[in-house]
Amino acid sequence: MSESMLLFSIGPVQSFIEQARKTYDLFSGSSILSYLIDLAIRNLPKDAKLIFPYKELESKPNRFIAIINTQSNFNVAKRIEQIVRVGFKDMAIKAYKANIRNNNIPDAFIKQIDNMLEINWVILSCEKASYKSCYNEIERLMGSIKNIRYFNQVNEKGRKCSICGERNALFYNSKDGHKPLYIQDDAIYLENSYIDKGEGLCAVCFTKRFNKINPGLNENFYSLAHIALINVLNKIHDETGIRLITKYRGNFPSQYYDDELLYKENINKAYLDKNMPRINIDIEKVKNDLYELYKYFKDNNYKLNRYYAAIQFDGDSMGKWLSGIKLNTEIDLRDFHNDLTMRLGTFANYAKKYLKEKDYGNIVYAGGEDFLGFLNIEYLFETLNEYRATFDKIVSQPLKKYFKNKEDNITFSAGIVISHYKTPLNIVLRTLRNAEKEAKCIDDEKNAFELVLLKHSGEINKTRLKWNYDEINIMNVINYISEELRNKVFSNTFIRVLYNEINALNNGKQLKPIKCLTEIEIDRLVTRSYLINKSVNETDEEYREKKKNAIKNMVDNMLEINTACIDDIENYLSLLNILMFLSKEENYAN
């Protein structure tokens, strides 16, 4: 019986996961792919040896590699493919039957489901080849297969799905009780809190929205508004706060409530009619209850932010690590793969557990070195530092025994997008994906991030930096400056003035004078921007010492930013703009 390597993948990943209008769509798409790949792995022959991913990984990626020992390799792969396709169809049918009274499932529904998945697999005999050559060859063959796109010609006329825009809408909720224009005659009307008025869904997006087959989908996946507000909501433990927020939420049916209703701009007839059809809401009572709640927030200095952060990161040069190029020649690649798989899986499970236990936001997927999640801004930089330190501890350092160059590290690069909670999710995700790609283009070593600010006005600022510059941890620097500005230790005026001065000089592209200017100006401007007054219990000497230390720390951190990015003036200006924006009062609802 010969030993063979099987590489099996399910797609399309980006379109299936990222075509989303709600965070639940996003989470559901990721969970469905994870469920299907787990289904495929569970149906491998009993004596198969799984190489990737880690068997105990909670959120599995869209592919696996296994060693199988059987004479009918082709039949094994075909059987697993069929199991996955049937599994997806069963999932869709269960979602349909659970939500549609008419159990006569339309042919168009089945056709859209059958044509969705792109399943590719390669089996390669390893009998006469080393594990290393077999692995590299199977990756090459899979790459060749994916360059050839097979598709079924589907002739559909009419209104397309509101989420994917690719397939006909088979389900809809009406804005005014009438069937929308151009939607097909047999489209099914569905009045449900999970489908917005005027929204139309194809079979695939309907399955993502209404699927309940995977227990993981029953978890509480937060809305973007909740993530933006989670730092405040997590602080409400006193009797008064709990009473006021419970009273306020009680104005709305629980199935329609969303934390968007904590923003006063949403308390109006148009918003309520759109999101709570035919529900009678006493708007004046809601406004009065919200006024009481806002007074409580103000008394406790709780600020309701309208912005949240999205993060996506991916391992750097993983192809080179996996192929063995960066390893000692005497290393057994299979041993390295087994060790790497276990460590990446351990890190991914930790990353998910950390965010869940801290209640800082939500993870869409954590499949090893790849990650997508949403975080409250207050916890953004702390979490990124924690993930990087833990990744180095769990993954990179223990694997150094395999490395050709002991100075090397396995690292990841990230895209980070700070966005208003009302910015369409598809725009945020597209920006996030591009930010991650651009971060990896910083230099050959990568190990960087790109931070993008999507202002509600439409203006975009972005800065690209390495995680570290010599001994400078740039995340710590940004976090420190942001906190000092947010806590009103310093006015953000010094950043605005510095920005304006550099921007004026930048027309001449005179880099050296600009460097000299910033070093002198930072000290002067920071000193003038200190806001804390002397307290009653402080002596003059204590106050002077406190002020001197605060100014010195801020100046030192601003000079570290200089060191990191003053060689790229546009990059530097963008970072200043982002820091200035994050401290502005108008970002807060109260």
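This is a predicted model, so every value here is computed, not measured. All chains use their own residue numbering, which begins from 1 and follows the written sequence. Selection of residues for local features in this predicted model requires a pLDDT of at least 70, selection of side-chain atom pairs for listing and counting requires 80 or more, and totals for whole chains, interfaces and linings are taken over all residues. Values shown for side chains rest on all heavy atoms present in the structure; no hydrogens or waters enter the calculation.

Asks: Would you take a moment to explain the overall build of the protein for this structure?
Replies: A helix here means a DSSP run of H or I that spans at least four residues, while a strand means a run of E at least two residues long, and both kinds are numbered starting from the N terminus. Tallying secondary structure elements over the protein gives 19 helices and 15 strands in all. For a compact globule the rule gives 2.2 Å times the number of residues to the power 0.38, and the radius of gyration it is set against comes from C-alpha atoms. In terms of overall size, the protein behaves like a compact globule, its C-alpha atoms giving a radius of gyration of 27 Å where 590 residues would be expected to give roughly 25 Å. With the C-alpha coordinates aligned to their principal axes, the bounding extent of the protein is approximately 85 × 70 × 50 Å. For the protein, the proportion of its 590 residues judged to be buried stands at 55%. For this analysis, residues touch if any pair of their heavy atoms sits within 4.5 Å. Residue pairs in contact within the protein that sit at least 24 positions apart in sequence constitute 70% of those at least 6 positions apart. Per-residue and other accessible areas were derived by the Shrake-Rupley procedure at a 1.4 Å probe size, with only the shown protein chains allowed to occlude residues. Carbon and sulfur atoms form 47% of the exposed surface of the protein, whose accessible area is close to 27,800 Å². If you average the places of the 84 positive and of the 79 negative side-chain charges in the protein, the two averages end up 4 Å apart. Burial classes: relative accessible area under 20% of the type maximum marks a residue as buried, over 50% as exposed, and values in between as partly exposed (1.4 Å probe, protein chains only). For the purpose of counting charges, residues Lys and Arg are taken to be positive, whereas Asp and Glu are taken to be negative. His and the chain ends are not included. Lysine's charge is taken at NZ, arginine's at CZ, aspartate's at CG and glutamate's at CD.

Asks: Got a minute to help me understand the state of the cysteines in this structure?
Replies: Disulfide: a covalent bond connecting the sulfur atoms of a pair of cysteines. Cysteine sulfur atoms that pair up within 2.5 Å are treated as a disulfide. Throughout the structure, instances matching the rule amount to one disulfide. A disulfide bridge connects C126 with C134, and the sulfur atoms are separated by 2.4 Å. Its torsion about the S-S bond being -65 degrees, the disulfide of C126 and C134 is classed as left-handed. The two residues C126 and C134 agree in class, both being buried. Of all cysteine sulfurs, the one in C161 lies closest to C205, which takes part in no disulfide; the gap is 3.7 Å.

Asks: Where do I start with the pattern of salt bridges in this structure?
Replies: Two side chains carrying opposite charge are able to pair once their charged atoms lie near each other. What makes a salt bridge here is a side-chain nitrogen of Lys or Arg within 4 Å of a carboxyl oxygen of Asp or Glu, nothing more. Under the defined criterion, the tally for this structure stands at 37 salt bridges. Linking D289 and K247 is a salt bridge whose minimum nitrogen-to-oxygen distance equals 3.5 Å. Of the two residues, D289 sits in helix α10 (residues 283–299) while K247 sits in helix α8 (residues 239–249), which places them 42 residues apart along the sequence. On the accessibility criterion, D289 (5% relative accessible area) is buried. Its salt-bridge partner being K326, residue D408 comes within 3.7 Å of it at the nearest N-O pair.

Asks: Which parts of the structure should I look at to understand unusual backbone geometry?
Replies: It is generally the case that most residues other than glycine have a negative phi and that most peptide bonds are trans. Of note, the amide linkage connecting G11 to P12 takes the cis form, showing an omega dihedral of -5 degrees. Within the secondary structure, P12 is located in the loop between β1 (3–11) and α1 (13–18). Even without being a glycine, N301 presents a positive backbone phi close to 60 degrees. Note that N301 resides in the loop between α10 and β8 (307–315). Residues other than glycine seldom take positive phi values, yet D470 does so here, at roughly 55 degrees. Considering the arrangement of structural elements, one finds D470 in the loop between β14 (468–469) and β15 (472–473).

Asks: Whenever I open this one, the side chain of N349 confuses me. Can you help?
Replies: In this structure, N349 sits in helix α12 (residues 333–358). Residues contacting N349, with those up to four places away along its chain left out, are Y54, E56, L57 and E58.

Asks: Teacher, can you tell me more about the confidence of the model for the protein here?
Replies: As a general rule, the predicted coordinates of low-pLDDT regions are not to be interpreted in detail. With 95% of its residues at a pLDDT of 70 or more, the protein shows a mean pLDDT of 89. Values of pLDDT, which run from 0 to 100, indicate the predictor's confidence residue by residue. Per-residue pLDDT stays below 50 along residues 213–218; that stretch engages in 12 contacts with residues further than four places along the chain or on separate chains.

Asks: How should the packing of helix α3 (residues 73–99) against helix α6 (residues 203–210) be read in this particular structure?
Replies: Remark: α3 packs on α6, axes separated minimally by 9 Å, with the N-to-C direction vectors making an angle of 75 degrees. The angle between α3 and α6 falls in the class roughly perpendicular. When α3 is examined against α6, the residues F88, M91, A92, A95, Y96 and N99 are found in contact with a partner set consisting of F206, T207 and F210. Class assignment of the residues belonging to the contact of α3 with α6 gives a composition of seven nonpolar, two polar and no charged. Between N-to-C directions, angles cover 0 to 180 degrees, with each direction set by a line fitted to C-alpha atoms, over the stretch in contact for helices. Angles are sorted into four bins: roughly parallel if under 35 degrees, roughly antiparallel if over 145, roughly perpendicular if 65 to 115, and oblique for all others. Under this grouping Gly is polar, as are all residues other than the nonpolar Ala, Val, Leu, Ile, Met, Phe, Trp, Tyr, Cys and Pro and the charged Asp, Glu, Lys and Arg.

Asks: How do you make sense of helix α16 (residues 493–505) when you look at a structure like this?
Replies: Each turn of an α-helix holds 3.6 residues, which means side chains three or four residues apart point in the same direction. Expected span of a helix: the number of residues minus one, times 1.5 Å. The terminal C-alpha atoms of α16, which comprises 13 residues, lie 19 Å apart, in line with the 18 Å expected from a rise of 1.5 Å per residue. The complete set of buried residues in α16 reads F494, I495, L498, Y499 and I502. All buried residues of α16 fall inside an arc of 135 degrees around its axis, so they share one side. Taken from the helix axis, the directions to the C-beta atoms give the arc we talk about.

Asks: Before we go on, may I ask you to explain helix α2 (residues 23–42) in this structure?
Replies: Spanning 20 residues, α2 covers 28 Å between terminal C-alpha atoms, matching the ideal 28 Å at 1.5 Å per step. For α2, the tally of buried residues reaches 18 of 20 residues, placing the bulk of the element in the interior.

Asks: How should I be thinking about the sheet that holds strand β5 (residues 171–172) in this particular structure?
Replies: For sheets, the rule is that strands pair by backbone hydrogen bonds, running either parallel or antiparallel. Each pair of strands is called paired provided DSSP finds at least two bridges between the two strands. Taken in spatial order, the three strands of this open sheet run β6-β5-β7, and their pairing is mixed. Whereas interior strands pair on both sides, the edge strands pair on one side only; in this sheet they are β6 (188–189) and β7 (200–201). The pairing of β5 with β6 spans two bridges and is classified as parallel. Each bridged residue has a counterpart across the sheet, and for Y172 the counterpart in β6 is Y189.

Asks: Got a minute to help me understand the pairing of strand β11 (residues 412–420) in this structure?
Replies: Regular strands have side chains that alternate between both faces of the sheet. In terms of residue burial, β11 counts as a mostly covered element, since nine of its nine residues are buried. Across the two faces of β11 the burial is the same, with F412, A414, I416, I418 and H420 and S413, G415, V417 and S419 all buried. As paired elements, β8 and β11 share nine bridges and run antiparallel to each other. Within the sheet, the bridge partner assigned to I311 lies in β11 and is I416. Here β11 runs beside strand β12 (residues 448–454); their pairing, made up of six bridges, is parallel. Among the inter-strand pairings, V417 is bridged to a residue of β12, identified as V452.

Asks: So what exactly am I meant to see when it comes to the environment of I51 here?
Replies: Examined against the element boundaries, I51 turns out to sit in strand β2 (residues 49–52). Given the relative accessible area of 2%, I51 is considered buried. Sequence-wise, I51 and A66 are 15 residues apart; in three dimensions their C-alpha atoms are separated by 5.2 Å. Ignoring anything within four residues of it in the chain, the contact list for I51 reads I65, A66, I67, Y131, R334, H337, N338 and T341.

Asks: Even after reading the chapter, I still don't get the packing of aromatic side chains, so can you show me in this structure?
Replies: Geometry of aromatic contacts follows a simple scheme: Phe, Tyr and Trp rings, the Trp one being its six-membered ring, pair when their centres are within 6.5 Å, and the pair is stacked under 30 degrees between planes, edge-to-face over 60, tilted otherwise. In the structure shown here, the tally under the stated rule is 35 aromatic pairs. The interplanar angle of 65 degrees and the centroid separation of 5.9 Å between the aromatic rings of Y354 and Y387 together place this pair among those described as edge-to-face. Note that Y354 is positioned in helix α12 and Y387 in helix α13 (residues 380–396), a separation of 33 residues in sequence. Exposure class is identical for Y354 and Y387. Each is buried. Here the aromatic residues F313, F347, Y350, Y354, Y360, F371, Y379, Y387, F391, F412, F449 and W467 are joined through ring pairs into a cluster of three or more. Note on criteria: charge over ring means Lys NZ or Arg CZ within 6 Å of the ring centre, with the direction from the centre no more than 35 degrees off the ring normal. The cationic tip of K208 hangs over the ring face of F16; the distance from NZ or CZ to the ring centre is 5.3 Å. Positioned above the aromatic ring of W321, the side-chain terminus of K326 is 5.1 Å from the ring centre.

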